[in-house]
Amino acid sequence: MATVRQKLVLVGNGMAGINTIEHILKLAPERYEITVFGSEPHPNYNRIMLSYVLEGSKTKNEIILNDWDWYNANGITLYTNTTVTHIDTAERTVHADNGLAVAYDRLIIATGSNPIILPVPGHELPGVAGFRDLADCDTMLETAQRYRKAAVIGGGLLGLEAAKGLLNLGMEVTVIHLMADLMERQLDPIAAAMLKAELERQGLAFLMEKQTAEIYGSERVQGVRFKDGSELDTDFIVMAAGIRPNIGLAERSGIAVKRGIIVDDLMRTSAADVYAVGECVEHRNVCYGLVAPLFEQAAILAKQLCGVETKSYEGTSLSTKLKISGVDVFSTGEFLDSPELTVIRKQDDWKKIYKKLLLRGNKIVGGVLYGDVADSSRMQQWVREGAEMTEGLYTEFMGQSGETMSAADRVAQMADEEIVCGCMGISKGSIVDAIKQHGLTSVDEVKTCTGAGRSCGGCKPTVANILQHVLGDQYTGAGASKAGICDCTALGRDEVVNEIKRLHLTTIKEVMNVLGWNNPEGCSKCRPALNYYLGMLWPEEHEDEKESRFVNERMNANIQKDGTYTVVPRMYGGVTTPQELKRIAEVAVKYDVKMVKVTGGQRLDLIGVGKEDLPAVWQDLDMPSGYAYAKSLRTVKTCVGSQFCRFGTQDSIAMGIRLEKTFERLDMPAKLKMAVNGCPRNCAESCTKDIGIVGNDGGWELYVGGNGGIKPRIADLLCRVKTDDELVEIAGAFLQHYRETAKYLERTSDWLERVGLDSIKQQVVDDLDNRSALNGRIQAALADVEEPWSSAIAETVTRKQLYEDIKI
Ligand SMILES: Cc1cc2nc3c(=O)[nH]c(=O)nc-3n(C[C@H](O)[C@H](O)[C@H](O)COP(=O)(O)OP(=O)(O)OC[C@H]3O[C@@H](n4cnc5c(N)ncnc54)[C@H](O)[C@@H]3O)c2cc1C
Ligand SMILES: NC(=O)c1ccc[n+]([C@@H]2O[C@H](COP(=O)([O-])OP(=O)(O)OC[C@H]3O[C@@H](n4cnc5c(N)ncnc54)[C@H](O)[C@@H]3O)[C@@H](O)[C@H]2O)c1
Ligand code: SF4
Ligand code: FES
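Note that the coordinates shown come from a computational prediction; the quantities given were computed from them, not determined experimentally.

1. Comments concerning helix α26 (residues 768–782)
- Between its first and last C-alpha, α26 extends 21 Å over 15 residues, near the 21 Å set by a 1.5 Å rise per residue.
- All of the buried residues in α26 are Asn 770, Arg 771, Leu 774, Asn 775, Ile 778, Ala 781 and Leu 782. For α26, the angular spread of buried residues about the axis comes to 140°, placing them on one side.
- Looking at the packing, one finds that the buried side of α26 touches α22 (652–663), α23 (724–741) and α25 (757–766).
- A distance of 3.2 Å separates the backbone nitrogen of Asp 769 from a side-chain oxygen at the start of α26, and that oxygen is part of Asp 767.

Below, the structure written as structure tokens:
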């Protein structure tokens, strides 16, 4: 006879509660019939990642931790949009706001916290929001579309992440802070001042030591008035002045509460068989607001509920990292100087690096890092185990920082018990064991198997370094050819691009710092690749780092073996005029070029121009650059087509010119060529082009992925279209999809073989929403391109430095 399952009810579908259920499902999957109540309409999601949803580097779907199928597959009954209003501890039943009553044998309360909304006059006006859940995120995203000025009240972790998110959305943001120092609960005044200076540099404004007295406005928020009488005009206010444990339900139901729901070391509340976990809890007079302690509590509670022997919960020593790109700040344990503590400090105002350790007696009790946080995990370890300071540890801390060590050395030096993933409490040793035992080969596999990287994602670069350390050359995340990056990092191309997106990294230096590059300067492989990925991801924000480009792209001309250059002006669609030809001839004579050559792409090449003459040649030609040197659209070769050819069914010249004018100048992963033909006779040879177009009676055929170079490949038919506009739209979607998913230097022919024609068809032809989104993004990127020759002529400094070797 099957055993009857006990009824387990969870109130609160958030991170701590569901983490407890995940443990229970592993420990005793048959033990409970599980019911979950959640006030929000979503399945369990990663609240930490709301900061990334706000800044646009993650979608809402991407932050779902357990989707609807997970609940079904594990036989869990989930009531979303349903708030439990009362617990009858005598009847062992919970009652919800929709009239539902569910009996329990065991009950977990995991109701989290609520943001503190300052009860000042005007706090109920439209335009005042908290930042706690997906609904708040939606409010902020919508507001940023319609309004310009935002104020964030509270300069703690949440306030600063909210402020940076709103800034990235294009708002003017002022942070209003009560205290003299930002993040005064985690940082000392020195680190706080460095942080403020960096955030000001990134564009945030600050009003310090300001106490909000009133929010004013007639229909919606118009401004804030402070106790000192000063005011700030604003269209929107985010309150991020701390959180308060959500204890209303427990209190109403007669369960003992103070600031939080009181629990003992086994997470038991004052009511029989009722447990609590997460931010709603008060344990030994402490309420937590970070996931690491909550996950520790969850693991202990799950064991307790499954009858597995467990240690008791003794509290957690906290460490924090701010999730803002370009700002590396870390704090653990105690962080303020005081007379009874010994301070070890290293401050470098030029490199903007600050490190501090605090000792009570000789025991390490806390510390702060700013600018270089590579030592964070070992520092956390020292504090966690209450390590005694020794000569060896002192030299380790004051000497070579983890940042200047190679990644391999850093990982090799880590002790097995050193925690790599602070959120989930996972050590280097357990990651190494999992890699070896389960044959794991990627960061994602480590995440699925061990949980490391599942919360804030901050440990992923270290996980990648451990994979490389354990697997050596077998780790395919590394190595130039496979990853599209190089040996300066253990991360693969997709991991690097995803992290750039997730962390909103905007410069090459920042990528290398934040993602723990082995070689702090990078190399000739990764620098151009990163420059491309950054420009592709952030077309408006990224400032092209020209010094990271290959020489031909830096010079806007191809260098030849004798040190001279070639100049190829644009001839859209291969069409020129007598006037243009005359000018080209005059320039060729004036600058004594060595040869004038007709290229395979239907234009003219002036070969043998001296470097110092380049700007003058471009100026005299008065034609745009043909990009013959660039990873970009080179030529659009056209046949004669219906304008003149007897067989022509389509105007290939007009279409070729339109395509060239639409897509020229945009950076691509590799060089790119097109051809347009007026009929299937295919005189302009579409089959060997990245995009080859063939006209027929009913419209156009679009071929992709052709190549006529070292590795010839005949293009595949992508689709047939009826109108010119549809053709340009699909070409745009194809190009953007290629830009976003190809490895740097990967031609469309290799890319197509790798990702598959069917998948490309689905993304750029069949999925109309995606097609239009891709077009939106390529248009945004095209809006930012400029003509390089005229820019070089206009910028005197560039001109002198690059072409005349004059140091300025
Ligand atoms: C923007 C943001 C960024 C963050 N970043 C970090 C970070 O980088 N690192 C870190 O460690 N922590 C971070 N945190 C904090 C972290 O997200 C929380 O500590 C964690 O989510 C708390 O988990 P919890 O399960 O206790 O509460 P929650 O995740 O809040 O879950 C509680 C759930 O219970 C529901 N609920 C409440 N009452 C009821 C009821 N009566 N009936 C039914 N359902 C109910 C709520 O709607 C909610 O969905 C961040 C928080 C935010 C908001
Ligand atoms: N990266 C992370 O780890 C991260 C990110 C976001 C949120 N969180 C967590 O979410 C929770 C909420 O974050 P938080 O920043 O709101 O809480 P917090 O308590 O850490 O910070 C609140 C800040 O608001 C300031 N403040 C209070 N009253 C104010 C007033 N009237 N005017 C101006 N400033 C005022 C305080 O001085 C304090 O610095 C915390 O538990 C935090 O740990 C963590
Ligand atoms: S492809 Fe057709 S239209 Fe174009 S030139 Fe050749 S025959 Fe004429
Ligand atoms: S440190 Fe946050 S997920 Fe690993």
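Having seen the structure, we can now continue with the description.
2. Topic: the site of ligand 3
- Taken together, Cys 639, Val 640, Gly 641, Cys 645, Phe 647, Gly 648, Gly 678, Cys 679, Arg 681, Asn 682 and Cys 683 make up the full set of residues adjacent to ligand 3.
- Of the residues belonging to the shell around ligand 3, the class tally is six nonpolar, four polar and one charged.

3. Quick notes on the packing of aromatic side chains
- Applying the stated rule across the entire model yields 11 aromatic pairs.
- On the basis of an interplanar angle of 5° and a centroid distance of 5.0 Å, the ring pair of Trp 618 and Trp 789 is categorised as stacked. Of the two residues, Trp 618 is situated in helix α21 (residues 614–621) and Trp 789 in helix α27 (residues 788–794); the sequence distance between them amounts to 171 residues. Summarising the burial analysis for this pair, Trp 618 and Trp 789 share the class buried.
- Geometrically, the ring pair formed by Phe 734 and Trp 751 is edge-to-face, given 5.6 Å between the ring centres and 70° between the ring planes. A residue pair is termed long-range when its members are at least 10 positions apart, and Phe 734 in helix α23 and Trp 751 in helix α24 (residues 748–755) qualify at 17 residues.
- Note on Phe 734: relative accessible area 0%, which makes it buried.
- Look at Trp 751 and you get buried, because its relative accessible area is 0%.

4. Focus: the site of ligand 2
- In the vicinity of ligand 2 lie 22 residues, with Glu 161, Glu 184, Arg 185, Gly 289 and Lys 321 positioned nearest.
- Within the contact set of ligand 2, a nitrogen atom lies 3.2 Å away from a backbone nitrogen or oxygen of Leu 178.
- In the environment of ligand 2, an oxygen atom lies 3.0 Å from a nitrogen or oxygen atom belonging to the backbone of Gly 242.
- For ligand 2, whose unbound accessible area comes to 840 Å², protein coverage reaches 87%.
- Examining the composition of the shell around ligand 2, we find that four residues originate from one element, helix α5 (residues 157–168), more than from any other.
- Among the residues making up the shell around ligand 2, the classes are represented as 11 nonpolar, six polar and five charged.

What counts and how
All residue numbers refer to position in the chain's written sequence, counted from 1. Lettering of chains starts at A and numbering of ligands starts at 1, both following the order in which they are written. Note on the predicted model: pLDDT of at least 70 is required for a residue's local features to be given, and 80 or more for side-chain atom pairs to be given and counted; whole-chain, interface and lining totals, by contrast, use all residues. Think of the side-chain values as coming from all heavy atoms in the structure, minus any hydrogens and water. Per the convention used, a helix needs a DSSP run of H or I reaching at least four residues, while a strand needs a run of E reaching at least two, with both numbered from the N terminus. Residue count minus one, scaled by 1.5 Å, sets the expected span of a helix. Under the scheme applied here, a residue whose accessible area is under 20% of the maximum for its type counts as buried, over 50% as exposed, and between as partly exposed, the area being computed with a 1.4 Å probe on protein chains only. Regarding the arc, it is the one traced by the directions from the helix axis to the C-beta atoms. Pairs of residues are marked as contacts when any of their non-hydrogen atoms sit within 4.5 Å. Counted as a polar contact is a pair of N or O atoms within 3.5 Å, where, for protein atoms, one must be capable of donating a hydrogen and the other of accepting one, and residues adjacent in sequence contribute only when both atoms are in side chains. We call a residue near a molecule or strand whenever a single non-hydrogen atom of that residue lies within 4 Å of it. Gly is placed with the polar residues, together with every amino acid not listed as nonpolar (Ala, Val, Leu, Ile, Met, Phe, Trp, Tyr, Cys and Pro) or charged (Asp, Glu, Lys and Arg). The rule is short: rings of Phe, Tyr and Trp, with Trp giving its six-membered ring, pair when the centres are within 6.5 Å, and they are stacked under 30 degrees, edge-to-face over 60, tilted in between. In short, Shrake-Rupley with a 1.4 Å probe defines the accessible areas, and a residue's cover is counted only from the protein chains shown.

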